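For reference, the chains in residue letters:
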Amino acid sequence: MNPARRQGFNRQARARSRRNAVQALYQWDITRAPIAQVIAEFESDRSELENADLVYFRDVVTGVTERREQLDQELGMHLDRPVAQLDPVERVVLYLGIYELKYRPDLPWRVIVNEAIELAKMFGAEQSHKYINGVLDAAARRIRPAAPGEGR
């Protein structure tokens, strides 16, 4: 049996968590409100997180905010402009993707990149998904060079 299924992993719940994480990170990025306050606001409106993986949501949102400086450095290696000049939606989608590449080795890099592309299509500007794809693909090659079982 697939280990992810044994542990109760649900792809759709994880995708909902990522969608909510992008929205929460966007709110945090724009307002600079304490992340605990942003998370509490999202959790108080349970419909936003209904059927989502709450543990994963909390992990990625707090992880991104706690490691923002490291993520900025990592992103800076792959961008054509300073991180601060990115569109806020692109920035938080990239933060999420880079965070998952660096700190969630349990996730295949292709899943991370594909999910980020979908989030960019959902929330970003018309062609932002192409930029997200290029940046995260380059980052994945550096962060996870030829990871076993992931192929390149």
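None of these values were measured; they are calculated from a predicted model.

Reading the values: the criteria
- Residues numbered from 1 in each chain as written.
- Predicted model: local features only at pLDDT ≥ 70, side-chain atom pairs only at ≥ 80, totals over all residues.
- Heavy atoms only, no water.
- pLDDT = per-residue confidence, 0-100.
- Contact = heavy atoms within 4.5 Å.
- Axes fitted to C-alpha atoms, helices over the stretch in contact; angles between N-to-C directions.
- Helix = DSSP H or I, 4+ residues; strand = E, 2+ residues; numbered from the N terminus.
- Parallel < 35°, antiparallel > 145°, perpendicular 65-115°, else oblique.
- Nonpolar A, V, L, I, M, F, W, Y, C, P; charged D, E, K, R; others polar.
- Salt bridge = Lys/Arg side-chain N within 4 Å of Asp/Glu carboxyl O.
- Buried < 20%, exposed > 50% of the residue type's maximum accessible area, 1.4 Å probe, protein only.
- Core = buried A, V, L, I, M, F, W, Y, C linked by side-chain atoms within 4.5 Å.

A. Representation of the confidence of the model for the protein. Across the protein, the average pLDDT comes to 89, with 89% of residues at or above 70. Scored below 50 in pLDDT, residues 1-8 shows 2 contacts in the model against residues more than four places distant or in partner chains.

B. How the structure looks around the packing of helix α5 (residues 54-66) against helix α7 (residues 88-103). Between α5 and α7, the shortest axis-to-axis distance is 10 Å and the interhelical angle comes to 100°. Taken as axis vectors, α5 and α7 run roughly perpendicular relative to one another. Facing Y56, D59, V60, G63 and V64 of α5, the residues of α7 in contact are Y95, L96, Y99 and E100. Among the residues making up the contact of α5 with α7, the classes are represented as 6 nonpolar, 1 polar and 2 charged.

C. Layout of the pattern of salt bridges. What the rule picks out here adds up to 14 salt bridges. One salt bridge in this structure joins R18 and E115, with 3.8 Å as the shortest N-O distance. Of the two residues, R18 sits in helix α2 (residues 11-31) while E115 sits in helix α8 (residues 109-123), which places them 97 residues apart along the sequence. Classification of E115 by relative accessible area gives partly exposed; the value is 23%. One salt bridge connects D106 with R104, and the closest N-O pair in it is separated by 2.9 Å. Here the salt bridges do not stand alone but share partners, grouping R18, E100 and E115 into one network.

D. Here's a closer look at the nonpolar core. Counting residues in each nonpolar core, the largest one holds 45 residues, and the members touching the most others are F57, V61, L75, L79, L94, L101 and L136. If one sorts the elements of this core by residue count, α7 sits on top with 9 residues. For L101, the residues in contact, after removing those within four places along its chain, are W109, I112, L136, A139, A140, I143 and R144.

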